[in-house]
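Chain by chain, the residues run as shown.
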Amino acid sequence: MLKYFNKFETKRIIDIMNKDPITAKFLFEDYLKRYPKDYCAHIFYAATLITLGNYDNANKILNNVEILSNNDTNYNQESNRKKLFERDLLFTKLRLFSYQEKYDEIELLYNKY
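Residues numbered from 1 in each chain as written. Predicted model: local features only at pLDDT ≥ 70, side-chain atom pairs only at ≥ 80, totals over all residues. Heavy atoms only, no water.

Caption draft 1: Fine view of the overall build of the protein. Counting its regular elements, the protein contains 7 helices and 0 strands. Each helix (α) and strand (β) of the protein, taken in turn from the N terminus, gives the series α-α-α-α-α-α-α. For 113 residues, the compact-globule estimate of 2.2 N^0.38 gives 13 Å, and the C-alpha radius of gyration of the protein, at 14 Å, lies within 12% of that figure. Here the C-alpha coordinates of the protein stretch approximately 45 × 35 × 20 Å along the principal axes. (Helix = DSSP H or I, 4+ residues; strand = E, 2+ residues; numbered from the N terminus. Rg over C-alpha atoms; globule rule 2.2 N^0.38 Å.)

Now the structure itself:
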């Protein structure tokens, strides 16, 4: 059976992210090579990039993971998981746009949801 995520490893990286975002960045990159369908980990990775000031790459990752998750029919059938993902995606995009002072984008997101 193919595993889509490893919650223990994700939790460990998130704990590291709060203390050492540079190390967490590299750990997320390695993790996402092994678990590319862990869409929530993509959001945490983008959040790490935001913390490091790498806004353009964070935005690309958020846009790509939104497309990937929307195209994944198995993922879309799990409504609770999808709702949590969408919430985390929204909050991370809001954080990114607020750091970039893109207030028009923030307003568009509020109107979208």
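Here the narrative resumes.
Caption draft 2: How the structure looks around the packing of helix 6 (residues 79–99) against helix 7 (residues 103–112). Where helix 6 meets helix 7, the closest approach of the two axes is 8 Å, and the angle between their N-to-C directions is 160°. Taken together, the axes of helix 6 and helix 7 are roughly antiparallel relative to one another. Crossing of helix 6 over helix 7 shows left-handed handedness. Here Leu90, Lys93, Leu94, Phe97 and Ser98 of helix 6 lie close against helix 7, whose contacting residues are Tyr103, Glu105, Ile106, Leu109 and Tyr110. By residue class, the composition of the contact of helix 6 with helix 7 is 7 nonpolar, 1 polar and 2 charged. (Axes fitted to C-alpha atoms, helices over the stretch in contact; angles between N-to-C directions. Parallel < 35°, antiparallel > 145°, perpendicular 65-115°, else oblique. Left-handed = near helix turned anticlockwise from the far one by under 90°. Contact = heavy atoms within 4.5 Å. Nonpolar A, V, L, I, M, F, W, Y, C, P; charged D, E, K, R; others polar.)

Caption draft 3: Inspection of the pattern of salt bridges at higher detail. What the rule picks out here adds up to 7 salt bridges. The residue Lys11 makes a salt bridge to Asp15 at a minimum N-O spacing of 3.3 Å. Separated by 4 residues within a single helix, Lys11 and Asp15 lie in helix 1 (residues 7–19), roughly one turn from each other. Two residues, Glu66 and Lys93, come together in a salt bridge whose shortest N-O distance is 2.7 Å. One end of the pair, Glu66, is in helix 4 (residues 55–71); the other, Lys93, is in helix 6, and 27 residues separate them in sequence. Across this residue pair, the class does not change: Glu66 and Lys93 are buried. (Salt bridge = Lys/Arg side-chain N within 4 Å of Asp/Glu carboxyl O. Buried < 20%, exposed > 50% of the residue type's maximum accessible area, 1.4 Å probe, protein only.)

Caption draft 4: View of the environment of Leu109. Tracing the backbone shows Leu109 in helix 7. In this structure, the C-alpha to C-alpha distance between Leu109 and Phe91, residues 18 residues apart in sequence, is 9.8 Å. With sequence-adjacent residues up to four places away left out, Leu109 is seen in contact with Leu90, Lys93, Leu94 and Phe97.

Caption draft 5: Looking closely at the nonpolar core. Phe28 and Phe85 are the most contacted members of the largest nonpolar core, which totals 28 residues. It is helix 3 (residues 39–51) that provides the largest number of residues to this core, a total of 7 residues. Excluding residues that lie within four positions of it along the chain, Phe28 makes contacts with Ile13, Ile14, Met17, Ala41, Phe44, Tyr45 and Thr48. (Core = buried A, V, L, I, M, F, W, Y, C linked by side-chain atoms within 4.5 Å.)

Caption draft 6: Representation of a nonpolar patch on the surface in the model. Together, Ile22, Phe26 and Leu52 make up an exposed nonpolar region whose accessible area comes to about 290 Å². In this fold, Phe26 is placed in helix 2 (residues 21–34). (Patch = residues over 30% accessible without salt bridge, like charges linked within 9 Å, V, L, I, M, F, W, Y side chains within 5 Å. Areas by Shrake-Rupley, 256 points an atom, 1.4 Å probe, with all protein chains shown as cover.)

Caption draft 7: View of helix 4. In this model helix 4 runs 25 Å from its N-terminal to its C-terminal C-alpha over 17 residues, within 8% of the 24 Å that 1.5 Å per residue would give. Along helix 4, the residues that are buried comprise Ala58, Asn59, Ile61, Leu62, Val65, Glu66 and Ser69. Looking straight down helix 4, one finds its buried side chains confined to an arc of 160°; they lie on one side. In helix 4, the exposed positions angled more than 90 degrees off the buried face are occupied by Asp56 and Asn71. (Expected span 1.5 Å × (residues − 1). Arc of directions from axis to C-beta.)

By themselves, these figures tell us nothing about what the structure is for.
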